[in-house]
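Structural features, examined
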Amino acid sequence: MIHRSNREVEKAYRNAEDASQSRLKLIMGGVGLYNNTEPEEKYYSEKQHFILGNGVDTIITMGKEVFKKEYYVSTLENKPSASIMSIVQEVYDIESEKMPHLSPLDFSDERGKEVILEVSEKQEFQKNWKPETKYNKIIEQGQDYWNDLIASKGRQILSLEQYETIVNITASIFFSPYTAKYFEDSKDVDIYYQIPLHFKYDIDCKALLDMVIINHRDKTIQPIDIKTMGDYTMNFPIAFFRRRYDIQAAFYTEAVIRSNRFIEYSKYNVLPFKFIVESTVEQGNPLVYTCTDEILDRGKYGVPSKKIEGHVLRGREGFIHGIKLYKWHLENGFEQDKVVVENEGNLLLTLEGIVK
């Protein structure tokens, strides 16, 4: 049986103050990274990988009906440049506060022209151009996007290319002989999508898993995360270690074990964490990556530094170190790093890094 979540449950999860694996990874990178709240360079910006990844997640975990409610497919093959989109978006936000029902003509009329020039100056668009030249370029490249903003009614706008990529990725994942079996519904299996889990590991923790498959016939629990990547799927291990997905896998596994959500299945065997991975640059070869015990131990406990033939291989900390560090900051604040406070700013630098 398929069990789907909804945006209200997801919102409640995200509003919870419990520590997530992403929050732990940030604090492990230092308070500078954790507290980094630098504003976007533009008033509005889109990150292609987020749009594609979120679109795929929505279809798979929330269903096609939710996708239709939240996404608008443009007739544009491609969207305008990031700078033009940023200007159009701010003009739209300004004008929609004055008039609840905007039309395509509101962008290019005289009042619209005045707002466009004000916004373009504020956003420092082509500072060396004459006002008329800037205005004409924004109208030429931004009018269709303005029309889409009106038609979308607050939904995420997708270009045709983005939409086709999302559809291709989801179809590839659903029907590939390597991955299709994980999405098959049957009477002996419960598949939970976007399931929030709360648990205690010295502090209050939370995890939002893309998939958890409960097989009542085999008495197993299979946690899964779905990844889209802007590279070929065979290169996933590179991103895996760079982005510390070992911490995610270990932390999510701990969530399944410790959460009360599956307490009735406490005697079921929790299987090694899996990542289902598909590419945004070339669809058709989704792969399943299964984490070994060594990987999960690395994500939880970390690995120590070691010296090989005179060269030092620096170790990596696991999520338990992140939990201890996060707990310390909850008690002492997030203004300065723990190692700085405890050593009064006098740090010892070794081949293995800073002595903590």
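One structure accompanies this document, and this report is about it. (Residues numbered from 1 in each chain as written. Predicted model: local features only at pLDDT ≥ 70, side-chain atom pairs only at ≥ 80, totals over all residues. Heavy atoms only, no water.)

**Thoughts on the environment of Pro100**
Short version of the rule: Where helices and strands are cited, they refer to DSSP runs of H or I of at least four residues and of E of at least two residues respectively, numbered from the N terminus. Exposure is judged per residue with a 1.4 Å probe applied to protein chains only, and the accessible area is read against the type maximum: over 50% gives exposed, under 20% gives buried, and values in between give partly exposed.
In this fold, Pro100 is placed in the loop between helix 6 (82-98) and helix 7 (110-122). Its relative accessible area of 70% is what places Pro100 among the exposed residues. Distance in space between the C-alpha atoms of Pro100 and Ser172 is 41 Å, their sequence separation being 72 residues.

**Observations concerning the pairing of strand 9 (residues 287-290)**
This is how it is decided: By definition, two strands form a pair when at least two bridges between them are found by DSSP.
Only one face of strand 9 is covered, namely the one carrying Leu287 and Tyr289; the face carrying Val288 and Thr290 has none of its residues buried. Bridge analysis of strand 8 (residues 274-279) against strand 9 gives 4 bridges, and the strand direction is antiparallel. Bridge assignment links Phe275 to a residue of strand 9, and that residue is Tyr289.

**Points about the side chain of Asn215**
Put simply, the rule reads: Identification of polar contacts relies on pairs of N or O atoms within 3.5 Å, with a donor-acceptor requirement for protein atoms, meaning one able to donate a hydrogen and the other able to accept it, and with residues adjacent in sequence counted only if both atoms are side-chain atoms.
Structurally, the position occupied by Asn215 is in strand 5 (residues 203-215). Note on Asn215: relative accessible area 12%, which makes it buried. There is a polar contact of 3.0 Å between the side chain of Asn215 and the backbone nitrogen of Arg217.

**Re the pairing of strand 8**
Across the 6 residues of strand 8, 6 count as buried, placing the element largely inside the fold. Where strand 6 (residues 220-229) lies against strand 8, 6 bridges are found, and the strand directions are parallel. If you follow Thr228 over to strand 8, its bridge partner there is Glu278.

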